[in-house]
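# A closer look at the structure
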Amino acid sequence: MEGRRFLDLPATTPTAPVRVYVDVAAAADDAGRAAAAVDALRRAGGPARGTVLVIVPTGSGWVDPAAVRAYENRLGGDVATVVVQYADRPSWLEYLLGGHAAERSAAATLTAVRAALPPDGPRLVLLGESLGAAAALPVARLADECVLAGRPGSADDPQDACTELANPDDPVVAWSPGLLLTDPVRFWQVSAALLIAQDVPPGHGHRYRF
């Protein structure tokens, strides 16, 4: 599965990082998948790491390998990454049809992981990209640090101190339903650009550098 590919990334750090990925089919509901993630995290010794990174993936369950590598390299491998898949379709389709599945999954996962960590550590970091960035917003307060990459323009503004990554030419960041009322021409231009938002080099469109 595409989203699980980060598990096979070669470890090039002094300490071997911990990586946990729970498929959407692993349990019947968000609570069950969050519990499965915590169990896997504990078995791998994740709570003993200096940082636990919870990534809210895109609608298809995809995780940006560059983001995983960036944290692992920066922290010398002293990090445990946890990902729970909430759907298996493109973000735009999940946005239209998925209700609030992404938000529910993010809340269940982050709450469960926070409860599993000792009070005096490790640092809990929340990272969301694309639809995952919108889903991470409501629970950002539970993390010690949050990073949002390519937050859709239709999402609410962050209420907590989050670091935002937004490429100036990312149509996902620019698009919102309200744009149709305020600037119809711009709305259709941005909507058309969504179709090729990934067909660009990293650092442009909806592809981010970490």
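Here the structure is shown first, and the text comes after it.
Residues take numbers from 1 onward in each chain, read along the sequence in its written order. Reporting of local features is limited, given that this is a predicted model, to residues whose pLDDT is at least 70; pairs of side-chain atoms are given and counted only at 80 or more, and all residues count toward the totals for whole chains, interfaces and linings. Note: side-chain values were computed over all heavy atoms of the structure, leaving out hydrogens and water.

## Here we look at the overall build of the protein chain
Here is the rule: Helix and strand definitions here come from DSSP, where helices need a minimum of 4 consecutive H or I residues and strands a minimum of 2 consecutive E residues; each element is numbered from the N-terminal end. Computation of the radius of gyration draws on C-alpha atoms, with the globule rule given as 2.2 Å multiplied by the number of residues to the power 0.38. Relative accessibility under 20% of the residue-type maximum defines a buried residue, over 50% an exposed one, and the middle range a partly exposed one, all with a 1.4 Å probe and only protein chains included. Contact between two residues is taken to exist if any of their heavy atoms lie within 4.5 Å; hydrogens are not considered.
Secondary structure assignment for the protein chain yields eight helices and six strands. Counting from the amino terminus, the protein chain carries its helices and strands in the arrangement β-α-β-α-β-α-α-β-α-β-β-α-α-α. For a compact globule of 210 residues, the expected C-alpha radius of gyration is about 17 Å, and the protein chain comes in at 17 Å, within 12% of that figure. By principal-axis analysis of the C-alpha atoms, the protein chain measures approximately 55 × 35 × 35 Å. Evaluated residue by residue, the protein chain yields a buried proportion of 49% over its 210 residues. Considering only intrachain contacts with a sequence separation of at least 6, the fraction spanning at least 24 residues in the protein chain is 59%.

## Topic: the sheet that holds strand β3 (residues 79-84)
The test is simple: Strands were regarded as paired on the criterion that DSSP finds at least two bridges between them. An axis is simply a line fitted to the C-alpha atoms; with a helix, the fit covers only the stretch in contact. Between two such axes, the angle follows the N-to-C directions and lies from 0 to 180 degrees.
Taken together, the six strands give an open sheet; going across it, the order is β1-β3-β2-β4-β5-β6, and neighbouring strands pair in parallel fashion. Because the sheet does not close on itself, it has two edges, and the strands there are β1 (18-22) and β6 (163-165). For this sheet, the mean inter-axis angle between neighbouring strands, taken without regard to orientation, is 15°. Taken together, the five bridges between strand β4 (residues 123-129) and strand β5 (residues 145-149) define a ladder with parallel strand orientation. Looking at the pairing, E129 lines up with A149 of β5. Across the sheet, helix α2 (residues 65-74) lies against β1, β2 (51-56), β3, β4 and β5, angled at about 160° from β3, the strand it touches most.

## Points about the nonpolar core
Just so we agree on the cut-off: The set of buried Ala, Val, Leu, Ile, Met, Phe, Trp, Tyr and Cys residues whose side-chain atoms join them within 4.5 Å is what this entry labels a nonpolar core.
Core analysis: the largest hydrophobic core is formed by 36 residues, its most contacted members being V52, V54, V113 and L126. Counting residues per element, the ones that place at least two in this core are β1, α1 (30-43), β2, β3, α4 (101-116), β4, α5 (131-136) and β5. Setting aside its immediate chain neighbours within four residues, V52 contacts L41, G46, A80, V82, V113, L117, P122, R123, L124 and V125. Formed by 14 residues, the second largest nonpolar core is a distinct cluster that contains Y21, A67, V68 and V147.

## Observations regarding the layout of surface pockets
Note the following rule: Using only the protein atoms, space was sampled on a 1 Å grid; points where a 1.4 Å probe fits but cannot get out form cavities, open sets with protein on both sides within 12 Å along at least five of seven lines form pockets, and lining residues are those with an atom within 4 Å of a point. Grid points are joined across faces, edges and corners, and a volume is the space filled by probe spheres set on the points. Each residue is assigned to one of three groups, with Ala, Val, Leu, Ile, Met, Phe, Trp, Tyr, Cys and Pro labelled nonpolar, Asp, Glu, Lys and Arg labelled charged, and all others, Gly among them, labelled polar.
Put simply, the largest pocket is a space of about 910 Å³. Lining the largest pocket are 29 residues, and of these S91, W92, S130, V172 and H206 sit closest to its centre. With four residues, helix α3 (residues 91-97) is the largest single contributor of residues to the lining of the largest pocket. Taken together, the residues of the lining of the largest pocket break down into 16 nonpolar, eight polar and five charged.

## Remarks on the pattern of salt bridges
So the rule is basically this: For this analysis, a salt bridge means a side-chain nitrogen from Lys or Arg found within 4 Å of a carboxyl oxygen belonging to Asp or Glu.
Under the definition given, this model contains seven salt bridges. The partner of D23 in a salt bridge is R4, with the nearest N and O atoms 3.4 Å apart. With D23 in the loop between β1 and α1 and R4 in the segment before β1, this residue pair connects regions lying 19 residues apart in the sequence. What makes D23 partly exposed here is its relative accessible area of 22%. For R4, a relative accessible area of 31% puts it in the partly exposed group. Residues R19 and E72 are paired through a salt bridge, measuring 2.8 Å at the closest nitrogen-oxygen approach. Here the residue R19 occupies a position in strand β1, and E72 occupies one in helix α2, the gap between them amounting to 53 residues. The buried category is assigned to E72, whose relative accessible area is 3%.

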